[in-house]
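# Fold and contact review
Read off the chains here:
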Amino acid sequence: MSDIVEKTLTALPGLFLQNQPGGGPAAAKASFSSRLGSLVRGITALTSKHEEEKLIQQELSSLKATVSAPATTLKMMKECMVRLIYCEMLGYDASFGYIHAIKLAQQGNLLEKRVGYLAVSLFLHESHELLLLLVNTVVKDLQSTNLVEVCMALTVVSQIFPREMIPAVLPLIEDKLQHSKEIIRRKAVLALYKFHLIAPNQVQHIHIKFRKALCDRDVGVMAASLHIYLRMIKENSSGYKDLTGSFVTILKQVVGGKLPVDFNYHILLQVLQKYILLLYLTMILTISAIFIFLSLAILFECVHTVYSIYPKSELLEKAAKCIGKFVLSPKINLKYLGLKALTYVIQQDPTLALQHQMTIIECLDHPDPIIKRETLELLYRITNAQNVTVIVQKMLEYLHQSKEEYVIVNLVGKIADVLVLNTVDTYAPDNAWFIQTMNAVFSVGGDVMHPDIPNNFLRLLAEGFDDETEDQQLRLYAVQSYLTLLDMENVFYPQRFLQVMSWVLGEYSYLLDKETPAEVIAKLYKLLMNDSVSSETKTWLIAAVTKLTPQAHSSDTVERLIHEFTISLDTCMRQHAFELKHLHENVELMKSLLPVDRSCEDLAVDASLSFLDGFVAEGLSQGAAPYKPHHQRQEEKLSQEKGNFSWICVKLESYFITQVLSLVPISFPDPHPALTLHPLKGPSICCFPLCVHVFSSCSSHFYVRACNIWFSVPALIC
Amino acid sequence: MIKFFLMVNKQGQTRLSKYYEHVDINKRTLLETEVIKSCLSRSNEQCSFIEYKDFKLIYRQYAALFIVVGVNDTENEMAIYEFIHNFVEVLDEYFSRVEPIDELPKICSALEPQQACFSPDSSFKGAASTTPIY
């Protein structure tokens, strides 16, 4: 309340000035002061958005004229500023006024300065360009002898301040920490807190001063310093263990009634929550005393704290009673709090959930969706093998009802967590239910879910559990259910779901006895030809078809597919199609390349390509040039650039450009080039005497510079 | 952490808004309309804490005026709920002739207009919140 009194005192001089009689100017002044009032009344009287827009645009144009007019006094500017603030609040851009706000803060007297600062803090944000103009004003005001100006400057610093200019004001603010007036000390602490939030390394050296602030005799300063400590403790709790003594003393003072009632002591409790302390008797006793407080929010915090610190039975009892009262309360806000408290508690003390079983079940079907969601959150934490079916069922119901993306992502994540459980195991009781639920999850949340979820699911299927027959059953069921889903007409599945389906079908269709691989391929082909399927999904599909082709003895679907996709515009698809085409010609090779059910085996990769050694040796014996590593080519290229001309020869082998052999550099006057060509094998090209810079040997173009102009020349490919 | 503080009437018109994190002007009106829609669609028997996108809304109705505060997950909802009431009591105390129906115009005509802008800031200082509001 002291702040409010202070603000009123600040406003009084302004009020007196406004009410002075003075004929014409007074009339103008009076009309100005009620302009905002009339504007607001005008807006509230309107009923349609269109009319409101018209009125505001009118107002904005007149304001624009007034602020840019040189004859506008600062007082008039102040009134305009207030109206500009109002217009921006309604959502209309008033950026022409920003610079004037800064000017007002700079030049005005006390009240005008206040309005200017207020306008600046509302209009601008931390990365705004005009903010730098304010820094000078702030520095000046921080050094002023007028306390109110100092306060205003500190307030603005704590609201918006450019990060780069922190060093300019930091020493001034540190000085203010020792000011005699507590309001200035408090504002200085808040400004430093803001600095800690945006640039923590710059305030590292003043932690000692924070400690002094914590023990300050004024309550407000202490409260402000608590915010800083809360944040610092969140980052590193062990560093501040020695301060628990002081926190507990503060808590005791609160309980003992020595501190005023409107003190924000729940921050203290939050600070204490950060400590998982062992048997700190004094603290425990104080917390038990706090339970007599009436404020519900504080009670909630106490309960939370009790469960975070080392458990002591009488405290736990009290907390449990408290939670009971919350959950059974008819007031819905308290029920919500009770459920939330149960979520914290549930893992440590499951008996509490049993006590309130009936209420929890009631809450599941509560008409309020927020309560339902909170109950689902609670249930998610107590999921085990026995109740998983029911809980997931409820979650799926909720999922189908909700339309918001955040809710879907959240719930899908939870269900997947419960079912797939980090690829280790699943709570699911039987295969059919598991696959059906996963299908439901994928069809609802397919496109928004976290990519780990389908990956984990596939890995679970691939690695399976210990029992081989169980695994086969699961996979068979999965394959069958996917085939049924694909048979349905006019249904669109999310892309991730299609990808999952295609992988499973590709890997495990061999388990089917009723349908042949050819039929599966036909279904996959139908999907491939569907336009709604994305190109990423198409690559999955064609990979699946490739896996199935060796099992399907002859299939014209595959021929059609190859024909279709070898001319596709998508290079990835074309690559796959060509691979399929070449492999298809050699069925035996394909069978050994794509064995059945070997997705979990590791591949041995020969990185040195040793299997090509025979081929290379043969080439070398027939006179082909040996391979020059990249750095050698670079060196040669650099040494040749000294000359203006060089002969080059591009040697091409099938469709690779292996390297460019650059030859002896030739200087201009000598018309006859002395060539030392390596004997060429195969197709080759000789180039003209141009200065050539060669780029990577894998591009299909090379760049030629002639007369200082670059040309890109396509290399001829045989 | 409080993200924003709104006073909105039943027709969806914003009476007062203060943002504690930077939001673009055009996005603000969108945010406000969505927030108001979700608050207006609640009945009296439903709880005052709504989960909206990735943060929470805590609202309180006073006749035709809704006061909505947007907070992130770390905040104690009950504390904010009580804080909203604290704020209204402060306004009541300060501008003695306050009526809950569309208060702001009355406030403006009663006293200096900028006081109405000051008071959210100053009352926040004395009230409970995890992050100090200046």
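Our subject is the structure that appears above.
Below, the structure is looked at part by part. Owing to the predicted nature of the structure, the values given are computational and were not obtained by experimental measurement.

### With respect to the overall build of chain B
For chain B, the helix and strand inventory stands at four helices and five strands. Going from N to C terminus, chain B has its helices and strands arranged as β-β-α-β-β-β-α-α-α. Residue pairs in contact within chain B that sit at least 24 positions apart in sequence constitute 48% of those at least 6 positions apart. Surface accessibility of chain B: about 5,100 Å² in total, with carbon and sulfur atoms responsible for 51%.

### Concerning the environment of Ala 64 of chain B
Residues and elements named next belong to chain B. Relative to the helices and strands, Ala 64 resides in the loop between strand 4 (55-62) and strand 5 (65-71). Classification of Ala 64 as partly exposed rests on a relative accessible area of 24%. The spacing of Ala 64 and Asn 9 is 55 residues in sequence and 5.7 Å in space, taken between C-alpha atoms. Setting aside residues no more than four positions away along its own chain, Ala 64 makes contact with Val 8, Asn 9 and Lys 10.

### Focus: a negative patch on the surface
Residue and element names in this part refer to chain A. On the surface, a cluster of negative charge is made up of Asp 466, Asp 467, Glu 468 and Glu 470. Tracing the backbone through its elements, the reader meets Glu 470 in helix 27 (residues 468-487). When its relative accessible area of 37% is taken as the criterion, Glu 470 is described as partly exposed.

### A look at helix 3 (residues 35-45) of chain A
Three or more residues of helix 3 of chain A are buried, namely Leu 36, Gly 37, Leu 39, Val 40 and Ile 43 of chain A. Down the axis, helix 3 of chain A shows its buried residues gathered within 165 degrees of arc, on one side only.

### Brief notes about the packing of aromatic side chains
Scanning the model with the defined rule gives 16 aromatic pairs over all chains in all. Both rings, one in Phe 4 of chain B and one in Tyr 19 of chain B, keep their centres 5.9 Å apart while their planes meet at 40 degrees; by these two values the pair is tilted. Here Phe 4 of chain B is found in strand 1 (residues 2-9), whereas its partner Tyr 19 of chain B is found in strand 2 (residues 14-19), with 15 residues between them in sequence. With respect to class, Phe 4 of chain B is no different from Tyr 19 of chain B; both count as buried. Three or more aromatic residues link up through ring pairs in this structure, and these residues are Phe 434, Phe 442, Phe 457, Tyr 482, Tyr 493 and Phe 497 of chain A.

### Here's the deal with the packing of helix 9 (residues 147-159) of chain A against helix 11 (residues 182-198) of chain A
Residues and elements named next belong to chain A. Relative to each other, helix 9 and helix 11 sit at 20 degrees, their axes nearing to 8 Å. The orientation of helix 9 with respect to helix 11, classified from their angle, is roughly parallel. Here the hand of the crossing between helix 9 and helix 11 comes out left-handed. Of helix 11, the residues touching helix 9 (which contributes Leu 147, Val 150, Cys 151, Leu 154, Thr 155, Val 157, Ser 158 and Gln 159) are Ile 183, Ile 184, Lys 187, Ala 188, Leu 190, Ala 191, Lys 194 and Phe 195. Of the residues belonging to the contact of helix 9 with helix 11, the class tally is eleven nonpolar, three polar and two charged.

### With respect to the sheet that holds strand 3 (residues 49-52) of chain B
Residues and elements named next belong to chain B. Strand order in the open sheet formed by five strands is 2-1-5-4-3, with antiparallel pairing between adjacent strands. Both edges of this open sheet fall to strand 2 and strand 3, since each of them pairs with a single strand only. The sheet shows a mean angle of 20 degrees between the axes of neighbouring strands, taken without regard to direction. By the bridge criterion, seven bridges tie strand 1 to strand 5 in an arrangement that is antiparallel.

### Description of the pairing of strand 5 of chain B
All names here are of chain B. Among the seven residues that make up strand 5, seven are buried, leaving the element largely enclosed by the rest of the structure. Residues Leu 65, Ile 67, Val 69 and Val 71 of strand 5 are buried on one face, and the alternating residues Phe 66, Val 68 and Gly 70, pointing to the opposite face, are buried as well. In this structure, strand 4 lies alongside strand 5, joined through seven bridges in antiparallel fashion. Each residue of the ladder has a partner; that of Tyr 62, found in strand 5, is Leu 65. The turn joining strand 4 and strand 5, which pair antiparallel and follow one another in sequence, is formed by two residues; a positive phi near 50 degrees is taken by Ala 63.

What counts and what doesn't
- Residues numbered from 1 in each chain as written.
- Chains lettered and ligands numbered in written order.
- Predicted model: local features only at pLDDT ≥ 70, side-chain atom pairs only at ≥ 80, totals over all residues.
- Heavy atoms only, no water.
- Helix = DSSP H or I, 4+ residues; strand = E, 2+ residues; numbered from the N terminus.
- Contact = heavy atoms within 4.5 Å.
- Areas by Shrake-Rupley, 256 points an atom, 1.4 Å probe, with all protein chains shown as cover.
- Buried < 20%, exposed > 50% of the residue type's maximum accessible area, 1.4 Å probe, protein only.
- Patch = residues over 30% accessible without salt bridge, like charges linked within 9 Å, V, L, I, M, F, W, Y side chains within 5 Å.
- Salt bridge = Lys/Arg side-chain N within 4 Å of Asp/Glu carboxyl O.
- Lys, Arg positive; Asp, Glu negative; His and termini not counted.
- Charge placed at Lys NZ, Arg CZ, Asp CG, Glu CD.
- Arc of directions from axis to C-beta.
- Phe/Tyr/Trp six-rings, centres within 6.5 Å; stacked < 30°, edge-to-face > 60°.
- Axes fitted to C-alpha atoms, helices over the stretch in contact; angles between N-to-C directions.
- Parallel < 35°, antiparallel > 145°, perpendicular 65-115°, else oblique.
- Left-handed = near helix turned anticlockwise from the far one by under 90°.
- Nonpolar A, V, L, I, M, F, W, Y, C, P; charged D, E, K, R; others polar.
- Pairing = 2+ DSSP bridges.

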